[in-house]
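# Chain and residue survey
What follows is each chain in one-letter form.
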2 protein chains.
Amino acid sequence: MSTIVILGAGVMGSALAVPLVDNGHEVRLVGTHLDREIIESISSTGVHPTLERELPAAVRVYQLEELEAAFADAEIVLSGVNSYGVRWAGEQLAPLLEPGQIVLAIAKGVDADADGNVRILPEVLAEPVPADVRTRVQWAAIVGPSIAGEVAARRESCVVFTGPDQDTLDRLAATFRTDWYHVWTSTDLVGAEICAAAKNCYALGVGLAEGELERRLQAASRDRAHNYEAALFAQATAEMRELVALLGGRPETPLWLPGVGDMYVTSTGGRNVRVGRLLGAGLAFTEASARLGDPTLEGAAAIKVFGPALARLTERGVIAESAFPLMRHLYEVVGLEQPLAMPWSRFFGGEPA
Amino acid sequence: MSTIVILGAGVMGSALAVPLVDNGHEVRLVGTHLDREIIESISSTGVHPTLERELPAAVRVYQLEELEAAFADAEIVLSGVNSYGVRWAGEQLAPLLEPGQIVLAIAKGVDADADGNVRILPEVLAEPVPADVRTRVQWAAIVGPSIAGEVAARRESCVVFTGPDQDTLDRLAATFRTDWYHVWTSTDLVGAEICAAAKNCYALGVGLAEGELERRLQAASRDRAHNYEAALFAQATAEMRELVALLGGRPETPLWLPGVGDMYVTSTGGRNVRVGRLLGAGLAFTEASARLGDPTLEGAAAIKVFGPALARLTERGVIAESAFPLMRHLYEVVGLEQPLAMPWSRFFGGEPA
């Protein structure tokens, strides 16, 4: 039996308590300052209000002030915050982490500097941790198609645990694995994280299809533009492979659960697709985001990182101007609020004349 | 301007008349013996009854008896029949084809002999044609994500024309290409055809997810099992790559429009997914097929070819027993009417213990 601290009581962090409790582990779920009502609800009724489901009774809940107490004898720390909270989470963990602990992260996003050098989020998470501890903690992440509500409902899910150390991954996998939560491992942390961030961007792109069709038909329609969506999915797969290669990941990583698998599930619905649909229908990004109540849009956030980074890498001569036409246009639409004009003929290396 | 004969007035063959007429070509649409009412409807009202849409007035329609007349001066012959009609279509074309003509096929399926040797459908189509003509006709095929109704409605579609001769492909592409019907080319005919057949099988597999969920919840539900679907999509991608490699196609072919792109669109709906859903809900294949009115199920037909072929290739020592766990289980369910028991732990090379 292991003791696991989960920092962040959002839907995914909380859902992961389910396989852990099923396996007999001690789970301590610690809310962030944004999760106060969630923790109170679980504490008083057992129900996670956004998952709309009772968590297993064995899950112990803590408010943020109790984080240090929750850390006592913890072997595994799950960073359950989303990409917006990663730096904050690193700051919370910094004074508490001890050598030998394992940190497992679930945020999907990406960071870049002014020169277009892209950094994966586990690096951002680790940054505030003092170097002598940081190098003696094992870092890992969960990627792959995994909708939180389905994990909480114990529906079959196949995911990948990724990080530099195979022994750590094997231990983590054995801790989480059940007969419905299936875990594979990969030491290609960079490739897996790039896929996790990029698939949100491209899923937003897939959403454009339906919106553009609605706009053209001058009315909401139950009709679909499947051919359009599928062409974007194929171009997205090609660009994801190029991105992973460019940033030092392994060629096979985009081709299974972390890449096409996760992009499939993300393209079938969710906030990124919904905002894409509004953009396709003709709204500017700020309008579309406001229409949805300005939610967390990890796809849009990652587009705003990848877009300028690709531009800078082009200026520096690292990549060709013809590369990544879809991601660049997503940035034009989302980041620069330019009109949608899908560059079909630039896809797949360019349509022959 | 070219003259194109389309043999088969089903939805896809007929939809392809639209970009051709838009480009100013002469299109002669010839119904099979199954298409009599379709041809009569177009002839009298202009409306294609299953596409539920008027075809461009310039399309000339013919009943099957007029096939020879339709062939006069034709440069391109489009075989518009589905996989069930390919051999029949080859027999119709055999006495009429002349050296220098181009045959372009759209059927998606596969054939195999008793030793498990797989043949692609353009070979089946060409077989009845006398050898001296067969070798002087150019053979090609259309693959990629392309729902007929959307092509007929002039919605953006990105497809691949494939065949052994690049000049022929370039000519065909220039004949069909419009500003909404985008055409790329590939000389990997084998890889593209294997993808086209296999994606129907795997789309049927994706349908199982929703059915199995309904069965467990004991009622029809609007709830989904996206994680399950996405895991199957990822395993399907892996198996499609292995199939293409096994049968002599090129590694990149499954990774864009002919593979993941077409599988994406096919997995989002259609008959193969619907029968998969009924199988997931617990019906045996013959019941499920009957429930849908025993329609053309190209996915099921291809599963019944691939399943025994993989078994034979395993007996012959060509492939390992652990290879293709998803396709083999699809055959167990569809071909042998065994209960659904998804072999999750055999996916992706096997889940670590």
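Residues numbered from 1 in each chain as written. Chains lettered and ligands numbered in written order. Predicted model: local features only at pLDDT ≥ 70, side-chain atom pairs only at ≥ 80, totals over all residues. Heavy atoms only, no water.

With that settled, the discussion passes to the overall build of chain A. Each helix and strand counted, chain A has 16 helices and 12 strands in total. Scaling as 2.2 N^0.38, a compact globule of 353 residues should have a C-alpha radius of gyration of about 20 Å, and chain A matches this with 20 Å. Projected onto its principal axes, the C-alpha coordinates of chain A cover approximately 65 × 45 × 35 Å. When burial is assessed residue by residue, chain A has 62% of its 353 residues classed as buried. A separation threshold of at least 6 residues defines the contact pool for chain A, and within that pool the share at least 24 residues apart is 71%. Only carbon and sulfur atoms are counted for the fraction: they give 48% of the accessible area of chain A, which is about 13,100 Å². Separation of charge centres in chain A, based on 29 positive and 45 negative side chains, amounts to 4 Å. (Helix = DSSP H or I, 4+ residues; strand = E, 2+ residues; numbered from the N terminus. Rg over C-alpha atoms; globule rule 2.2 N^0.38 Å. Buried < 20%, exposed > 50% of the residue type's maximum accessible area, 1.4 Å probe, protein only. Contact = heavy atoms within 4.5 Å. Areas by Shrake-Rupley, 256 points an atom, 1.4 Å probe, with all protein chains shown as cover. Lys, Arg positive; Asp, Glu negative; His and termini not counted. Charge placed at Lys NZ, Arg CZ, Asp CG, Glu CD.)

This part is about the packing of helix α10 (residues 189–217) of chain B against helix α13 (residues 271–280) of chain B. Residues and elements named next belong to chain B. α13 packs onto α10 with a crossing angle of 40 degrees between their chain directions and a minimal axis gap of 6 Å. Overall, the two elements α10 and α13 adopt an arrangement that is oblique. The crossing of α10 and α13 is right-handed. The segment α10 lies against α13, with N200, A203, L204, G207, L208, E210, G211, E212, E214 and R215 engaging N272, V273, V275, G276, R277, L279 and G280. (Axes fitted to C-alpha atoms, helices over the stretch in contact; angles between N-to-C directions. Parallel < 35°, antiparallel > 145°, perpendicular 65-115°, else oblique. Left-handed = near helix turned anticlockwise from the far one by under 90°.)

Attention now goes to the environment of R215(A). All names here are of chain A. Along the chain, R215 falls in helix α10 (residues 189–216). The exposure class assigned to R215 is partly exposed, which follows from its relative accessible area of 35%. Taking C-alpha positions, R215 is 7.1 Å from G282, a pair spaced 67 residues apart along the chain. In this structure, R215 is in contact with G280, A281 and G282, ignoring residues within four places of it in sequence. Reaching out from R215, the side chain makes a polar contact with the backbone oxygen of G280 at a distance of 3.1 Å. (Polar contact = N/O pair within 3.5 Å; in protein donor to acceptor, adjacent residues only side chain to side chain.)

Okay, the state of the cysteines next. Across all of its chains, the model carries zero disulfides over all chains by this definition. Summary of cysteine pairing: C195(A) is not part of a disulfide, and the nearest cysteine sulfur, belonging to C201(A), is at 11 Å. A residue is classified by how much of its surface remains accessible, and C195(A), at 0% relative accessible area, is buried. Between C158(B), a cysteine without a disulfide, and C195(B), which holds the nearest cysteine sulfur, the sulfur-to-sulfur distance is 17 Å. (Disulfide = S-S within 2.5 Å.)

Residues and elements named next belong to chain B. Strand order across the open sheet formed by eight strands is β5-β2-β1-β6-β7-β10-β11-β12, with mixed pairing between neighbours. Since the sheet does not close on itself, it has two edges, and those belong to β5 (60–62) and β12 (181–186), each with one partner. Strand-to-strand, the axes of this sheet are offset by a mean angle of 25 degrees, without reference to chain direction. Those strands touched by helix α3 (residues 36–45) are β2 (26–30) and β5, and its axis lies near 145 degrees from that of β5. The strands that helix α5 (residues 86–93) touches are β1 (3–7), β6 (76–79) and β7 (102–105); relative to β1, the one it contacts most, it runs at about 135 degrees. (Pairing = 2+ DSSP bridges.)

Mapping chain B onto chain A calls for a rotation angle of 180 degrees and an axial translation of 0.0 Å; the resulting RMSD is 0.0 Å. Seen this way, the second copy is the image of the first under a two-fold rotation axis. An overlap of 98% is found between the interface residues of chain B and their copies at the interface of chain A, pointing to a shared contact surface. (Least-squares fit on C-alpha atoms with pLDDT ≥ 70 in both.)

Moving on, we come to α10(A). The first and last C-alpha atoms of α10(A) sit 42 Å apart over 28 residues, in line with the 40 Å expected at 1.5 Å per residue. Burial analysis of α10(A) places 25 of its 28 residues in the buried class, the great majority of the element. (Expected span 1.5 Å × (residues − 1).)

Now for the sheet that holds strand β2 (residues 26–30) of chain A. Residue and element names in this part refer to chain A. Strand order in the open sheet formed by eight strands is β5-β2-β1-β6-β7-β10-β11-β12, with mixed pairing between adjacent strands. Edge strands, defined here as strands with exactly one partner in the open sheet, are β5 (60–62) and β12 (181–186). Each adjacent strand pair in this sheet contributes to an overall mean axis angle of 25 degrees, direction not counted. Most of the contacts of helix α5 (residues 86–93) go to strand β1 (residues 3–7), to which it runs at about 135 degrees, and overall it touches β1, β6 (76–79) and β7 (102–105). Of the strands in this sheet, β10 (138–143) and β11 (157–162) are in contact with α10, which crosses β10 at around 40 degrees.

Let's shift gears to the confidence of the model for chain A. Per-chain confidence: chain A averages 96 in pLDDT, with 98% of residues scoring 70 or above. Prediction confidence for the complex, expressed as pTM and ipTM, is 0.96 and 0.96 respectively. (pLDDT = per-residue confidence, 0-100.)

As a further point, take α5(A). Residues lying three or four places apart along an α-helix face the same way, a consequence of the helix completing one turn every 3.6 residues. Residues and elements named next belong to chain A. Listing the buried residues of α5 in full gives V86, A89, G90 and L93. For α5, the arc enclosing every buried residue in end-on projection is 105 degrees, short of the 170-degree limit, so these residues lie on one face. As for α5, its buried residues are in contact with β1, β6, β7 and α6 (121–126). (Arc of directions from axis to C-beta.)

The next point concerns the environment of P130(A). As for its placement among the helices and strands, P130(A) is situated in the loop between α6 and α7 (131–134). Residues P130(A) and F161(A), 31 residues apart in the sequence, show an inter-C-alpha distance of 25 Å.

For the rest of this paragraph, the subject is the interface of chain B and chain A. Tallying the contact residues gives 48 residues for chain B and 47 residues for chain A. For the pair chain B and chain A, the two sides together bury roughly 4,200 Å², of which 58% comes from carbon and sulfur. Linking chain B with chain A are four salt bridges, by the criterion used here. The salt bridge partner of E351(A) is R177(B), with a shortest N-O separation of 2.7 Å. Summed over the shared surface of chain B and chain A, the number is 24 residue pairs in polar contact (both at pLDDT 80 or more). Those elements that place two or more of their residues in the side of chain B that touches chain A are α8 (148–152), β11 (157–162), β12, α10, α11 (226–246) and α12 (257–267) of chain B. Class assignment of the residues belonging to the side of chain B that touches chain A gives a composition of 27 nonpolar, 11 polar and 10 charged. (Buried area = accessible area lost by both parts, 1.4 Å probe. Salt bridge = Lys/Arg side-chain N within 4 Å of Asp/Glu carboxyl O. Nonpolar A, V, L, I, M, F, W, Y, C, P; charged D, E, K, R; others polar.)

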